[in-house]
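Structural features, examined
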Amino acid sequence: MRVAMIGTGYVGLVSGACFSNFGHHVVCVDKDGDKIERLKKGDIPIFEPGLNRLVADNVASGRLSFTTDLTSAVPDAEAVFIAVGTPSRRGDGFADLSYVYDAASEIADSLKSYTVVITKSTVPVGTSNKVEQIIRQRQPGAEFDVASNPEFLREGSAIEDFQRPDRIVVGADTDRARNVLRALYRPLFLNDKTPFVFTSRETSELIKYASNAFLAMKITFINEMADLCEKSGADIQDVSRGIGLDGRIGSKFLNAGPGYGGSCFPKDTLALVRLAAEFGAPSRLIESVVDVNDNRKKRMAEKIIDAFGGVKDKTVAILGVTFKPNTDDMRDSPSLDIIPALQAAGAIIRAFDPEGMVEAGKMLPGVVWAKNTFEAVSKADGVVILTEWNEFRALDFTLLKSLLRRALLVDLRNIYNPRDMVEAGFEYHSVGRSSVKP
Ligand code: UDX
């Protein structure tokens, strides 16, 4: 099948590469000429494990190509995906749909024979209807359907998520459109018996927001329980396990931490709040989730300052600044709240992140960037783990202790066991567990 993917951001690029790997012929389109030139040379602008290789293999096989020229990609395509950004609109938090609507207009001008136009971008309920209107107005005679097919890709494991999804959600009004989507995802259907949820476009659009809001709520719930554990002497790791083993609750997304960040949860929870209010069905729950999470990120700096006994003129070593491991993405990362607050309290920040430092360097002025963990911690007054990269999970404590001025570790991802830390001679503060001293 011939596919055009409009937008080579995170979702467009991963989806385009994965569809070509399924055997389809995919042309990825982007207005950004520099980006397309880089992609043509095999230079992948984002860090995503496995993506370099997947793109290179499929470009070599002739199934994946890149262009800035939408008018050359769309006419031959049987399926055109809109995978452009839907950022939070400044000021009100509504999803900004201008890129989606611009793409719809341009697609309309290039349609030739029957095409399914599919919104993959995360869009508010009713957007696919609007996309259909735009196309129909611009080209009344065009033969097309509009479908919704949200993505559920996690950064850092996006390729695995695409190739082994929990489900595929398709919102479409005609059999013809549904069949095109079935054909696109045929390898999944045949091999894995992946469940398909065929539904209306509005429902499909809402499923995406509801999924992300539910997961954000789960994280926020466990974070509040962590606060209660700290006050009451209970242990959040055991609480998570104890409730997660209940099949109705499930154990995933119950890791307490510094608050959720990233390109989706903060933006999508806010958009759902606005959307729900606009439809006259306000979501008090998700409003609270947004609020609690925002405050949490801010409060984490105080937790660190308390652990250090004040940070004025002290060197704080920070390990990990991205919003999660295996990505270079800094969007809404808790580090963006925590580090400036520590600096404002007088701390000197020395930080290391395996992939995020180029991006973070632009957003976090005044930070001294270290080449590795040990350079970051050398003569520091304590270490803070903000992101649970694998390489921070098995630190050499003897070496670490010899390099630090004070054996103090604040672990906001609970990757260590308090007992082991005491044995290693560390003062150890984590989330939702009692602090310990040797
Ligand atoms: C998310 C969704 O998982 C994905 O389905 C959607 O399409 C895009 O948004 P992503 O933003 O890549 O994916 O990361 P995810 O792994 O979901 O983590 C989001 C945030 O929640 C991170 O800041 C992470 O650290 C935090 N988190 C996650 C927790 O604090 N605790 C958890 O138990 C899980």
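Residues numbered from 1 in each chain as written. Predicted model: local features only at pLDDT ≥ 70, side-chain atom pairs only at ≥ 80, totals over all residues. Heavy atoms only, no water.

Describing the overall build of the chain
Broken down by element type, the chain carries 18 helices and 14 strands. Relative to the compact-globule value of 22 Å for 438 residues, the chain shows a C-alpha radius of gyration of 24 Å, a close match. C-alpha atoms of the chain, sized along the principal axes, occupy 75 × 50 × 45 Å. Restricting the contact set of the chain to residue pairs at least 6 apart, pairs at least 24 apart contribute 72%. When the accessible surface of the chain is split by element, carbon and sulfur atoms take 50% of a total near 19,200 Å². Of the charged side chains in the chain, 54 are positive and 58 negative, and the gap between their average positions amounts to 2 Å. (Helix = DSSP H or I, 4+ residues; strand = E, 2+ residues; numbered from the N terminus. Rg over C-alpha atoms; globule rule 2.2 N^0.38 Å. Contact = heavy atoms within 4.5 Å. Areas by Shrake-Rupley, 256 points an atom, 1.4 Å probe, with all protein chains shown as cover. Lys, Arg positive; Asp, Glu negative; His and termini not counted. Charge placed at Lys NZ, Arg CZ, Asp CG, Glu CD.)

Some remarks on the side chain of Glu48
Relative to the helices and strands, Glu48 resides in the loop between α2 (33-40) and α3 (51-60). Notably, Glu48 is buried but unbridged: the nearest opposite-charge side chain belongs to Lys324, and the N-O separation is 7.4 Å. Reaching out from Glu48, the side chain makes a polar contact with the backbone nitrogen of Gly156 at a distance of 2.7 Å. Once residues lying within four places of it in the same chain are set aside, the contact partners of Glu48 are Tyr10, Val14, Arg154, Glu155, Gly156, Ser157, Ala158, Ile159 and Asn326. (Buried < 20%, exposed > 50% of the residue type's maximum accessible area, 1.4 Å probe, protein only. Salt bridge = Lys/Arg side-chain N within 4 Å of Asp/Glu carboxyl O. Polar contact = N/O pair within 3.5 Å; in protein donor to acceptor, adjacent residues only side chain to side chain.)

Topic: the layout of surface pockets
Rolled over the atoms, a probe as big as a water molecule pinpoints where empty space is left. Computed from the structure, the second largest pocket encloses a volume of approximately 330 Å³. Lining of the second largest pocket is provided by 15 residues; of these, Glu230, Lys231, Arg299, Lys303 and Asp306 occupy positions nearest its centre. Broken down by secondary-structure element, the contributors of at least two residues to the lining of the second largest pocket are α10 (201-232) and α13 (284-308). For the lining of the second largest pocket, the leading source of residues is α13, giving 7 residues. Residue composition of the lining of the second largest pocket, grouped by class: 2 nonpolar, 4 polar and 9 charged. Here the lining of the second largest pocket spans two domains, since at least three of its residues come from each of domain 2 (209-290) and domain 3 (300-429). (1 Å grid on protein atoms, 1.4 Å probe; cavity = no way out; pocket = protein on both sides within 12 Å on 5 of 7 lines; lining within 4 Å. Points joined across faces, edges and corners; volume = space filled by probe spheres on them. Nonpolar A, V, L, I, M, F, W, Y, C, P; charged D, E, K, R; others polar. Domains from an automatic or database assignment.)

Description of the nonpolar core
One finds Phe19, Leu184 and Tyr185 to be the most contacted residues of the largest nonpolar core, which totals 41 residues. When near neighbours in sequence (up to four residues on either side) are disregarded, Tyr185 contacts Phe19, Phe22, Lys120, Asn149, Phe162, Ile168 and Phe196. By size, the runner-up hydrophobic cluster in this structure holds 40 residues, among which are Val29, Leu111, Tyr209 and Val273. (Core = buried A, V, L, I, M, F, W, Y, C linked by side-chain atoms within 4.5 Å.)

A short note on the packing of α10 against helix α11 (residues 236-244)
Packing of α10 against α11 leaves a shortest axis separation of 9 Å and a crossing angle of 135°. When the axis of α10 is compared with that of α11, the two are oblique. For the pair α10 and α11, the sense of crossing is right-handed. Contacts between α10 and α11 involve Phe221, Ile222, Met225, Ala226 and Cys229 from the former and Ile236, Val239, Ser240 and Ile243 from the latter. Partitioning the contact of α10 with α11 into residue classes produces 8 nonpolar, 1 polar and no charged. (Axes fitted to C-alpha atoms, helices over the stretch in contact; angles between N-to-C directions. Parallel < 35°, antiparallel > 145°, perpendicular 65-115°, else oblique. Left-handed = near helix turned anticlockwise from the far one by under 90°.)

Topic: helix α14 (residues 335-344)
Among all positions in α14, only Ser335, Ile338, Ile339 and Leu342 are buried. Axial view of α14: buried residues confined to an arc of 90°, hence all on one face. In this structure, the buried side of α14 is in contact with α13, β9 (315-319) and β10 (348-352). Phi turns positive one or two residues past the end of α14, at Gly346, with a value near 100°. (Arc of directions from axis to C-beta.)

Describing the site of the ligand
Taken together, 18 residues surround the ligand, and among them Glu155, Asn255, Gly261, Lys324 and Arg413 come closest. Contact between the ligand and Lys208: an oxygen atom at 3.1 Å from a side-chain N or O atom of the residue. Note that a nitrogen atom of the ligand is positioned 2.9 Å from one of the backbone N or O atoms of Asn255. It is α10 that provides the largest number of residues to the shell around the ligand, a total of 3 residues. Taken together, the residues of the shell around the ligand break down into 9 nonpolar, 3 polar and 6 charged. (Near = heavy atom within 4 Å.)

Focus on α3
Among the residues of α3, those classed as buried are Leu51, Leu54, Val55 and Asn58. Taken around the axis of α3, the buried residues stretch over an arc of 95°, which confines them to a single face. Those residues of α3 that are exposed and angled more than 90 degrees off the buried face are Arg53 and Ala60. Just past α3, the residue Gly62 takes up positive phi, approximately 85°.

So, the domain arrangement of the chain
The domain boundaries assigned to the chain delineate domain 1 (2-198), domain 2 (209-290) and domain 3 (300-429). Relative to domain 3, the C-alpha centre of domain 1 lies at a distance of 38 Å. Counting residues at the interface gives 8 residues for domain 1, matched by 9 residues for domain 3. Overall, the association of domain 1 and domain 3 removes approximately 600 Å² of surface from exposure, summing both partners, and the carbon and sulfur fraction of that is 45%. On the domain 1 side of the contact with domain 3, Phe47, Glu155 and Gly156 bury the most area, a combined 84% of that side's loss. Linking domain 1 with domain 3 are 1 salt bridge, by the criterion used here. The partner of Glu155 in a salt bridge is Arg331, with the nearest N and O atoms 3.9 Å apart. Summed over the shared surface of domain 1 and domain 3, the result is 3 residue pairs in polar contact (both at pLDDT 80 or more). Looking at side-chain class alone, the side of domain 1 that touches domain 3 contains 4 nonpolar, 1 polar and 3 charged residues. (Buried area = accessible area lost by both parts, 1.4 Å probe.)

Let's talk about the packing of α10 against α13
Where α10 contacts α13, the axes come no closer than 10 Å and their chain directions differ by 45°. One way to sum up the angle between α10 and α13 is to call them oblique. The interaxial crossing formed by α10 with α13 has left-handed handedness. Every residue of α13 that contacts α10 at Ala213, Ala216, Met217, Thr220, Asn223, Glu224, Ala226, Asp227 and Glu230 is listed here: Leu285, Ile286, Val289, Val292, Asn293, Arg296, Arg299 and Lys303.

Notes on unusual backbone geometry
Peptide bonds are mostly trans, and most non-glycine residues show a negative phi. Not every positive phi belongs to a glycine, and Asp313 is a case in point at roughly 60°. Among the secondary structure elements, Asp313 is positioned in the loop between α13 and β9. Although it is not a glycine, Lys379 adopts a positive phi angle of roughly 60°. Relative to the helices and strands, Lys379 resides in the loop between α16 (373-377) and β12 (383-385).

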